[in-house]
Amino acid sequence: MKHRSHCHEPGHAANTDHGGTQKSIHLALTGASCGGCAGKIEKALQSVDGVESARFNLAERKAVVSGQVDAGALIQAVEAAGYGATEMTDEEPADSKLMQEASCHEAQTSSDPSPEASQESAVHLAVTGASCGGCVSKIEKALQGVDGVESARFNLAEREAVVNGEVDAGALIQAVEAAGYGASEMTDEEPSGSSMTQEAPCHEAKASSDPSLKASQESQESQESQESQESQESQESQESAVHLAVTGASCASCVSKIEKALKGVNGVDSARFNLADREAVVQGKVDAGALIQAVEAAGYGASEITDEEQASEDREKADEAYYRKLLREMTVALALGVPLMAYGVLGGEMNVVTTGERLVWLVVGLLTLAVMMFAGRHFYVGAWKSCKAHSANMDTLIALGTGTAWVYSMVVVVAPGIVPELARHVYFEATAMIIGLIDLGLALEVRARGRTSQAIKRLLGLRAKTARVIRDGKEQDIPIGAVQVDDIVRVRPGEKIAVDGVVTEGHTSIDESMLTGEPMPVEKDADDEVVGGTLNKSGSILYRATRVGKETALAQIIAMVKQAQNSRPPIGRLADTIASVFVPVVMIISVLAALGWYNFGPVPQVAYMLVTATTVLIIACPCALGLATPMSVMVGVGKAAEAGVLIRNGQALQQASKLNTMVLDKTGTITAGHPEVTEVITRNGFDESELLQLAASLEAGSEHPLAQAIVESAQERDLTLDSLEGFNAIAGHGVEGSVKGRALLFGNYKLMQDHNIDLGDLQAKAQELAAQARTPMYLAVDGQAGGIIAVADPIKEDSVAAIKRLQRLGLDVVMITGDNEATAKAVADKVGIKHYFAEVLPDDKQKKVAQLQDEGKLVGMTGDGINDAPALAQADVGFAIGTGTDVAIESADVTLMRGSLHGIADAIAISKATLRNIKQNLFGAFIYNILGIPFAAGVLYPFAGILLNPVIAGAAMAFSSVTVVTNANRLRLFKPREESK
């Protein structure tokens with residue numbers, strides 16, 4: 001099979017071998033790293049003519065294809081999808097050919113004395129925690145950012161990074177760790193685990209010709225196979241994430257303690273705890289039981305989450321029960337506290353003087369103790385657990401504050417003689433009121449917090465419960481978890497698509513709005529893909545299941561949204577740092593305030609000392625600080641998912657808000673990526689249909705997009721294609737051949753010039769078409785110019801409006817393309833882009849992005865996520881244009897579930913709104929504590945005679961977290977389209 005180069009001048013690819021026999025072909029593949037890759041490879045293989053079935057085994061990196069097809073066509077299809085492939089013979093094991101090629105090449109380069117082969121300055125790192133193509137991009141980007149690095153490459157299969165340049169290994173390791181992964185230097189004495197397999201194929205080549213080595217070789221192969229399997233199992237275990245539902249956490253201080261406890265478990269690569277939804281996500285090779293024990297040892301409760309939907313339901317029920325419990329406790333506490341507070345405000349005597357007063361206040365003290373045990377028990381239990389774990393949190397502050405007030409009051413009642421007469425004041429109302437108000441604040445927080453996870457609830461709600469499959473000729477309803485790949489599933493109007501698949505029979509329209517944000521239903525026919533969770537609107541269809549369980553697009557989307565919601569943007573690190581030492585510092589400030597009032601305060605010093613110490617403890621609880629970032633991230637990421645935008649992590653969420661330059665790849669991003677015939681211009685007596693029929697007959701064997709556009713145009717006109725003879729592709733010029741005895745030439749001006757074809761006025765017309773971003777191709781018949789067929793990649797309907805939105809958001813939009821200058825300028829002018837790069841090779845796109853960054857610009861790059869991967873990785877934020885089932889596995893920081901550029905504008909608008917919301921929350925939380933603690937300590941008393949009441953401090957603390965949660969929930973009302981008008 002011949003291929004044309006990807007240029008704007010026509011060249012061709014023709015299928016010359018259609019005579020394959022029915023057989024199974026085995027291919028060894030490279031470059032695949034996840035379930036998404038498997039889907040792409042299978043789709044590429046199934047698109048080849050003659051293929052009846054194609055299956056790819058990700059674990060073995062092996063594809064098995066059945067049908068009447070040539071292996072070369074399959075390999076080309078895989079390579080076109082961005083992966084490598086070689087045919088396996090019956091004598092070769094699955095990995096031997098690829099290993100042989102790699103290792104023998106390595107042996108060759110190791111003996112090559114040329115400077116390029118020398119790796120004297122190369123540093124080899126063993127990297128842990130990487131699991132997909134996105135990790136590869138991030139690790140390479142992190143390494144390339146280290147001063148002195150000339151080049152950096154990371155091999156996902158071997159988990160090895162090779163860095164060239166004058167650089168210290170320690171700096172490289174720090175860069176990898178800062179990117180969220182683990183790294184260690186590999187020395188010559190400690191080769192990678194793949195060294196044995198790299199050497200094996202060369203020995204194998206010798207063994208094939210030397211019988212004396214065969215037995216040794218077979219033994220080595222068996223050992224390698226076992227090691228490979230163990231390595232794979234270890235890798236899968238390491239890459240798996242453990243999700244834990246954590247109870248007992250109440251503030252930012254709890255977050256740092258839980259994460260520290262989890263990271264202390266052997267085998268943990270990373271651990272994140274989200275205070276907003278009380279969920280911890282742990283990456284690494286570790287047992288859930290060990291993690292649970294670590295959390296419990298830190299003074300909290302934990303249980304493993306195995307079913308996200310069930311966990312969400314359980315969490316919702318638990319929150320509802322907790323909400324009602326808090327309301328009951330609040331009612332009891334305030335039932336005692338409010339009358340006592342009213343008594344004091346109305347002039348009632350709160351001092352203990354007479355014996356009768358002592359008896360009354362003793363009863364009140366015992367009632368207050370009952371309130372503390374009923375309504376405040378969770379504070380004291382939490383404080384005790386933290387104490388046993390040698391730590392402190394919000395519960396510690398509340399328990400100390402209210403407990404101190406109650407103990408002091410009881411001392412006044414039981415033994416008033418040891419307290420100065422002026423200080424014989426009781427604070428039972430403060431204890432009851434503080435507990436009641438904090439319970440009220442927690443209840444309101446739980447209620448408001450539940451609204452932040454609406455996006456996940458909606459996504460989980462999209463999943464079908466059952467599927468109607470056809471087995472043994474009978475239809476039967478089975479649980480969704482029992483559906484298997486290749487099952488035939490029937491879907492009727494109004495029903496949800498159960499799992500991902502390909503339509504085999506019927507026609508319908510499907511509402512994909514909940515996944516893509518696109519409101520218009522999408523028409524589906526045979527061979528079209530359907531996505532689980534979408535809604536079948538009209539017709540009844542049968543489809544073959546291709547992805548089930550966690551491999552479905554919806555499952556991957558949910559996982560990505562959860563991952564992003566549990567991530568932490570860089571802006572939140574300051575809060576984390578402060579929170580880790582916040583509670584001990586507050587306790588020290590409380591003690592210092594008490595000592596200051598005791599030594600320098602007015603009479604009665606003991607009373608003032610107690611009030612200020614208690615008030616400092618109560619007002620400083622870091623609830624708001626802990627919720628400020630995660631609440632906004634949860635709502636913002638969920639809002640983006642509703643708009644069809646998947647944000648991979650908190651760093652991307654923050655960086656997107658700062659971008660000032662957006663680079664857009666032209667083909668498939670600004671344009672549709674599907675060329676269409678736009679004009680057929682005839683001369684010398686030919687008509688349009690005749691000219692198009694001849695050109696399509698000549699191009700029928702080609703797989704190039706331009707050729708396919710011509711063939712499709714002919715088919716739309718119901719033109720019959722004739723047989724082709726003498727086909728020949730002329731590189732860089734066009735093609736020639738014979739149809740019904742008529743000699744045809746089809747190509748560019750150079751081809752016509754070489755064959756002395758008189759074009760007349762067609763040349764001027766071709767130049768006019770080229771200036772309009774169209775590709776003109778001349779057709780000559782029997783040495784006579786027949787006309788021009790112009791092909792163009794149409795601009796998407798909404799590209800112009802979306803680009804204007806990006807510009808209104810403050811971004812300089814730059815187009816990058818491999819097209820010639822004239823075509824690039826025509827497209828840029830049509831869509832309103834002032835700056836563009838033309839005639840840029842795919843490998844040079846990364847350099848153009850780096851060039852813009854060198855100019856001091858923060859650059860976003862938008863492309864298809866495969867061919868543009870280096871540029872996406874180089875950019876400060878990479879945006880991948882994705883569709884359907886490929887959406888959750890691209891390597892960019894942000895993935896758009898639909899092809900519209902409005903998704904980029906939505907993502908940036910939501911990013912800006914989310915970051916603004918986080919700043920508001922953090923500002924409020926910091927200001928609250930910065931002003932509240934000195935105020936509580938009594939700094940205003942010497943100047944204005946103002947001393948904060950502990951009850952007011954309790955109310956302020958309780959409602960500070962409610963304010964943060966409420967402010968975060970404002971994002972749910974945010975409309976990105978209105979933001980960029």
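So, how was this worked out
Residues numbered from 1 in each chain as written. Predicted model: local features only at pLDDT ≥ 70, side-chain atom pairs only at ≥ 80, totals over all residues. Heavy atoms only, no water. Pairing = 2+ DSSP bridges. Helix = DSSP H or I, 4+ residues; strand = E, 2+ residues; numbered from the N terminus. Axes fitted to C-alpha atoms, helices over the stretch in contact; angles between N-to-C directions. Contact = heavy atoms within 4.5 Å. Buried < 20%, exposed > 50% of the residue type's maximum accessible area, 1.4 Å probe, protein only. Polar contact = N/O pair within 3.5 Å; in protein donor to acceptor, adjacent residues only side chain to side chain. Phe/Tyr/Trp six-rings, centres within 6.5 Å; stacked < 30°, edge-to-face > 60°. Salt bridge = Lys/Arg side-chain N within 4 Å of Asp/Glu carboxyl O. Parallel < 35°, antiparallel > 145°, perpendicular 65-115°, else oblique. Nonpolar A, V, L, I, M, F, W, Y, C, P; charged D, E, K, R; others polar. Patch = residues over 30% accessible without salt bridge, like charges linked within 9 Å, V, L, I, M, F, W, Y side chains within 5 Å. Areas by Shrake-Rupley, 256 points an atom, 1.4 Å probe, with all protein chains shown as cover.

Taken in spatial order, the four strands make up an open sheet running E10-E11-E9-E12, and their pairing is antiparallel. Two strands close off the open sheet at either side, each with one partner strand: strand E10 (268-274) and strand E12 (301-305). Put simply, the sheet's adjacent strands are angled 25 degrees from each other on average, direction ignored. Relative to E12, strand E9 (residues 241-247) runs antiparallel, the two being bridged by five bridges. Bridge pairing in E12 links Thr247 to Gly301. The strands that helix H9 (residues 288-297) touches are E9, E10, strand E11 (279-284) and E12; relative to E12, the one it contacts most, it runs at about 160 degrees.

Quick look at the environment of Asp168 now. Position of Asp168 relative to the elements: it lies in the loop between strand E7 (160-165) and helix H5 (169-178). Owing to a relative accessible area of 53%, Asp168 belongs among the exposed residues under this scheme. Along the chain, Asp168 and Gly148 lie 20 residues apart, while their C-alpha atoms are 8.7 Å from each other. Looking at Asp168, its side chain comes within polar contact range of the main-chain nitrogen of Gly170, at 3.0 Å.

For the structure shown, the criterion picks out five aromatic pairs. Through pairs of rings, three or more aromatic residues link up here, namely Trp597, Tyr608 and Tyr941.

Judged by how many residues are buried, helix H2 (residues 71-80) sits mostly within the fold: seven of 10 residues are covered. All of the buried residues in H2 are Ala71, Ala73, Leu74, Ile75, Gln76, Ala77 and Val78. One side-chain oxygen at the N-terminal end of H2 lies 3.0 Å from the backbone nitrogen of Gly72; it belongs to Asp70. Looking one or two residues past H2, Gly82 carries a phi angle of roughly 100 degrees, positive in sign.

Checked against the element boundaries, Ser386 lands in helix H12 (residues 377-388). Beyond its immediate sequence surroundings of up to four residues, Ser386 is in contact with Tyr300, Ser391, Ala392, Asn393 and Thr396.

Right, let's get into the pattern of salt bridges. Taken as a whole, this structure holds 21 salt bridges when the rule is applied. Between Arg471 and Asp487 there is a salt bridge, and its shortest N-O distance comes to 2.6 Å. In this pair, Arg471 is assigned in strand E13 (residues 466-471) and Asp487 in the loop between strand E14 (474-479) and strand E15 (488-491), connecting sequence segments 16 residues apart. Given the relative accessible area of 25%, Arg471 is considered partly exposed. Using a relative accessible area of 10% as the deciding quantity, one classes Asp487 as buried. The residue Glu475 makes a salt bridge to Arg492 at a minimum N-O spacing of 3.6 Å. Taken as a pair, Glu475 in strand E14 and Arg492 in the loop between E15 and strand E16 (500-505) lie far apart in primary sequence, 17 residues in all. Exposure remark for Glu475: the relative accessible area of 37% places this residue in the partly exposed category.

Ordered in space as E18-E17-E20, the three strands form an open sheet in which the pairing is antiparallel. The sheet is open, and its two borders are formed by strand E18 (522-524) and strand E20 (535-536), each paired with just one other strand. Relative to E18, strand E17 (residues 508-511) runs antiparallel, the two being bridged by three bridges. Bridged to Ile510 within E18 is Val522.

Here helix H19 (residues 605-619) crosses helix H33 (residues 950-969) at 5 degrees, and the two axes come no closer than 8 Å. Judged on the interaxial angle alone, H33 and H19 are roughly parallel. Contacts from Val611, Thr614, Thr615, Ile618 and Ile619 in H19 reach Pro950, Ala953, Gly954 and Met957 in H33. Split into classes, the residues belonging to the contact of H19 with H33 amount to six nonpolar, three polar and no charged.

To continue, consider the environment of Glu736. Take Glu736: it is sitting in strand E26 (residues 734-739). When the C-alpha atoms of Glu736 and Leu779 are compared, they prove to be 9.8 Å apart, with 43 residues separating the residues in sequence. Residues in contact with Glu736, not counting those within four places in the same chain, are Leu698, Gly726, Phe727, Asn728, Ile730, Leu744, Leu745 and His755.

Here Thr823 shows up in helix H28 (residues 821-831). What makes Thr823 buried here is its relative accessible area of 9%. Residues Thr823 and Ala771, 52 residues apart in the sequence, show an inter-C-alpha distance of 6.3 Å. Ignoring any residue separated from it by four or fewer positions in sequence, one finds Thr823 in contact with Ala770 and Ala773.

A contiguous nonpolar surface patch, about 530 Å² in accessible area, is contributed by Leu359, Leu362, Leu366, Leu369, Met373 and Val414. Within the secondary structure layout, Leu362 lies in helix H11 (residues 355-375). Looking at Leu362, the relative accessible area reads 31%, which means it is partly exposed.

The next point concerns the pairing of E26. The sheet contact formed by strand E25 (residues 724-730) and E26 spans five bridges and is antiparallel. Across the sheet, residue Asn728 finds its bridge partner in E26, namely Glu736. Inspection of the sheet shows E26 paired to strand E27 (residues 742-747) by six bridges, in the antiparallel sense. What sits directly across from Glu736, in E27, is Leu745. With antiparallel pairing between neighbouring strands as the criterion, E26 and E27 make up a hairpin whose turn holds two residues, including Lys740 at a positive phi of roughly 55 degrees.

Let us now look at unusual backbone geometry. In the segment running from Val603 into Pro604, the intervening peptide bond is cis, with an omega of -5 degrees. With respect to the helices and strands, Pro604 occurs in the loop between helix H18 (573-600) and H19. One non-glycine residue, Asp718, adopts positive backbone phi at about 60 degrees. By the element assignment, Asp718 lies in the loop between helix H24 (705-716) and E25. Accessibility expressed as a relative area gives 68% for Asp718, which makes it exposed. Of note, Asp782 is a non-glycine position whose phi angle comes to about 55 degrees, a positive value. With respect to the helices and strands, the residue Asp782 is situated in the loop between strand E28 (775-781) and strand E29 (784-792).

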